[in-house]
Amino acid sequence: MPELPEVETVCRGLRPVVTGQVIARVAVRRRDLRHPFPAGLKRHLESRRMMSITRRAKYILIHLDNGYVLVIHLGMSGRLVLYPASYKPKTHDHFILYLADGRQIVLNDARRFGLVDLVAVDDLDSHGLFSHLGPEPLSRNFSGAVLGRALAGRTAAIKQAIMDQRLVVGVGNIYASEALFQAGIDPQIPAGMLRPAQCAALAGSIKKVLQQAIKAGGSTLRDHRQATGEQGYFQHHFMVYDRAGAPCPRCSSGGCEQARIVRIIQGGRASFYCPACQK
Ligand SMILES: [Zn+2]
């Protein structure tokens, strides 16, 4: 599933090449994805200029010159790719923006868990998709102090707490394991038990792992691709994720060769950690 770094990578890939471009024509090639395509979608998009592309959690926001925002979520398997004018639609290309210069922005979503919506810019924060969302992890609004306040009194395991979008957005299963490893925190400890220094370390490591992933172009677990169509490669840099049985990178660099990464299940999802150095 595309996580925050992949979605940010798509936004950064598209931003310089489509900002300021006019959408000449729109093709909606089926009735629905996760939900039906919104009524009036073509009418609100055609002949409009794309003013900016931003991201909120894992939603891509294309701001138009008519006060509306085109909202796109990639779901489990969606890809948003910029193609030249010569591109011919393929199976699962469900939604296409034909730009005035001939290029095409194509949403391909084989599993159809994705979403396309249209929201007035003034209604964005109060919209049902966004109103419950916590702070952006890479913003100044997210810090150890903010995390500590949000975790206070929580009995859920810290791994599950940091994946709660109301607490902080965009920390998916992979990056939760990676951030907890970097902070040296056991994923199973009750969230409310974290000390202030651990909250600060964890907030810092969440920012760090997400920034590292964005820098590397996003991972390509499942079938994610960058907006340019290039494969990302961050999966090679995971420290613990999907590395059960491998030596712990931190313990082995400290001279302990015995410590191994362990896989456990939390809330139905796999977690990876080192019992020797994550307390
Ligand atoms: Zn270790």
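As a reminder, the structure under discussion sits directly above these lines.
Residues numbered from 1 in each chain as written. Predicted model: local features only at pLDDT ≥ 70, side-chain atom pairs only at ≥ 80, totals over all residues. Heavy atoms only, no water.

## Some details on the coordination of the zinc ion
Cys 248 (SG), Cys 251 (SG), Cys 274 (SG) and Cys 277 (SG) make up the full set of protein donors to the zinc ion, lying at 2.3 Å. Here the zinc ion is ringed by four donor atoms whose angles at the metal span 105 to 113 degrees, and the overall shape comes out tetrahedral. Residue classification places Cys 274 among the buried positions, given a relative accessible area of 0%. (Donors = N, O, S within 2.8 Å, 3.2 Å for Na, K, Ca; no water. Tetrahedral: all angles 85-135°; square planar, octahedral: opposite > 155°, others 65-115°. Buried < 20%, exposed > 50% of the residue type's maximum accessible area, 1.4 Å probe, protein only.)

## As for the environment of Ser 47
Structurally, Ser 47 is set in the loop between helix 2 (41–45) and strand 2 (50–56). For Ser 47, a relative accessible area of 54% corresponds to the exposed category. In this structure, Ser 47 is in contact with Val 22, Ile 23 and Ala 24, ignoring residues within four places of it in sequence. (Helix = DSSP H or I, 4+ residues; strand = E, 2+ residues; numbered from the N terminus. Contact = heavy atoms within 4.5 Å.)

## Quick look at the sheet that holds strand 2
Spatially, four strands are ordered 2-3-4-8 in an open sheet, and the strand pairing comes out antiparallel. In this open sheet, the two edge strands, each paired with only one partner strand, are strand 2 and strand 8 (115–120). Strand-to-strand twist across the sheet, computed as the mean angle between neighbouring axes with direction ignored, equals 20 degrees. The pairing of strand 3 (residues 59–64) with strand 4 (residues 68–73) spans five bridges and is antiparallel. Paired with Leu 61 across the strands is Val 71, a residue of strand 4. Contacts from helix 1 (residues 4–18) reach strand 2 and strand 3, with the element oriented near 170 degrees to strand 2. (Pairing = 2+ DSSP bridges. Axes fitted to C-alpha atoms, helices over the stretch in contact; angles between N-to-C directions.)

## Brief notes about the nonpolar core
Membership of the largest hydrophobic core comes to 38 residues, with the highest contact counts inside it found for Leu 151, Ile 158, Ile 162 and Leu 202. Elements with a minimum of two residues in this core: helix 3 (144–151), helix 4 (158–162), helix 5 (173–183), helix 6 (196–215) and strand 10 (269–273). Core analysis: the second largest hydrophobic core is formed by 28 residues, Ile 60, Leu 80, Phe 95 and Val 116 among them. (Core = buried A, V, L, I, M, F, W, Y, C linked by side-chain atoms within 4.5 Å.)

## A closer look at the layout of surface pockets
The space that makes up the largest pocket amounts to roughly 580 Å³. Forming the boundary of the largest pocket are 28 residues, of which Met 1, Glu 3, Lys 58, Gly 172 and Arg 269 lie nearest the centre. Where the lining of the largest pocket is concerned, the elements lending two or more residues are helix 5, strand 9 (262–266) and strand 10. Each residue belonging to the lining of the largest pocket can be placed in one class, and the counts come to 14 nonpolar, eight polar and six charged. (1 Å grid on protein atoms, 1.4 Å probe; cavity = no way out; pocket = protein on both sides within 12 Å on 5 of 7 lines; lining within 4 Å. Points joined across faces, edges and corners; volume = space filled by probe spheres on them. Nonpolar A, V, L, I, M, F, W, Y, C, P; charged D, E, K, R; others polar.)

## Some words on the packing of helix 3 against helix 6
In a packed pair of helices, the relevant descriptors are the angle between the two axes and the axis-to-axis distance. Two elements in contact, helix 3 and helix 6, have axes separated by 8 Å at closest approach and are oriented at 115 degrees. The interaxial crossing formed by helix 3 with helix 6 has right-handed handedness. Residues Gly 144, Leu 147, Gly 148 and Leu 151 of helix 3 lie in contact with helix 6, whose contacting residues are Cys 199, Ala 200, Leu 202 and Ala 203. Its residues assigned to classes, the contact of helix 3 with helix 6 shows six nonpolar, two polar and no charged. (Left-handed = near helix turned anticlockwise from the far one by under 90°.)

## Topic: the sheet that holds strand 5 (residues 79–83)
Strand order in the open sheet made by the four strands is 1-6-7-5, with antiparallel pairing throughout. The sheet terminates laterally at strand 1 (23–28) and strand 5, the two strands that pair on one side only. Neighbour-to-neighbour, the strand axes of this sheet turn through a mean angle of 15 degrees, independent of strand direction.

## Thoughts on the packing of aromatic side chains
Tallying each qualifying case throughout the model produces six aromatic pairs. Look at Tyr 59 and Phe 130: their rings are 5.0 Å apart centre to centre, the planes differ by 70 degrees, and that puts the pair in the edge-to-face class. Placement of the pair is Tyr 59 in strand 3 and Phe 130 in the loop between strand 8 and helix 3, with a sequence separation of 71 residues. Judged on exposure class, the residue Tyr 59 and its partner Phe 130 are both buried. In textbook terms, an aromatic cluster arises when at least three aromatic residues are bridged by ring pairs, as seen for Tyr 175, Phe 238, Tyr 241 and Phe 272. The ring of Tyr 98 has Arg 25 sitting right over it, with the charged end atom 4.1 Å from the ring centre. Lying over the aromatic face of Phe 181, Arg 250 brings its terminal NZ or CZ to 4.2 Å of the ring centre. (Phe/Tyr/Trp six-rings, centres within 6.5 Å; stacked < 30°, edge-to-face > 60°. Lys NZ or Arg CZ within 6 Å of the ring centre and 35° of its normal.)

## Comments concerning the side chain of Gln 198
Summarising the element assignment, Gln 198 is placed in helix 6. Owing to a relative accessible area of 12%, Gln 198 belongs among the buried residues under this scheme. When sequence neighbours within four positions are dropped, the list of residues in contact with Gln 198 reads Ile 185, Met 193 and Lys 279.

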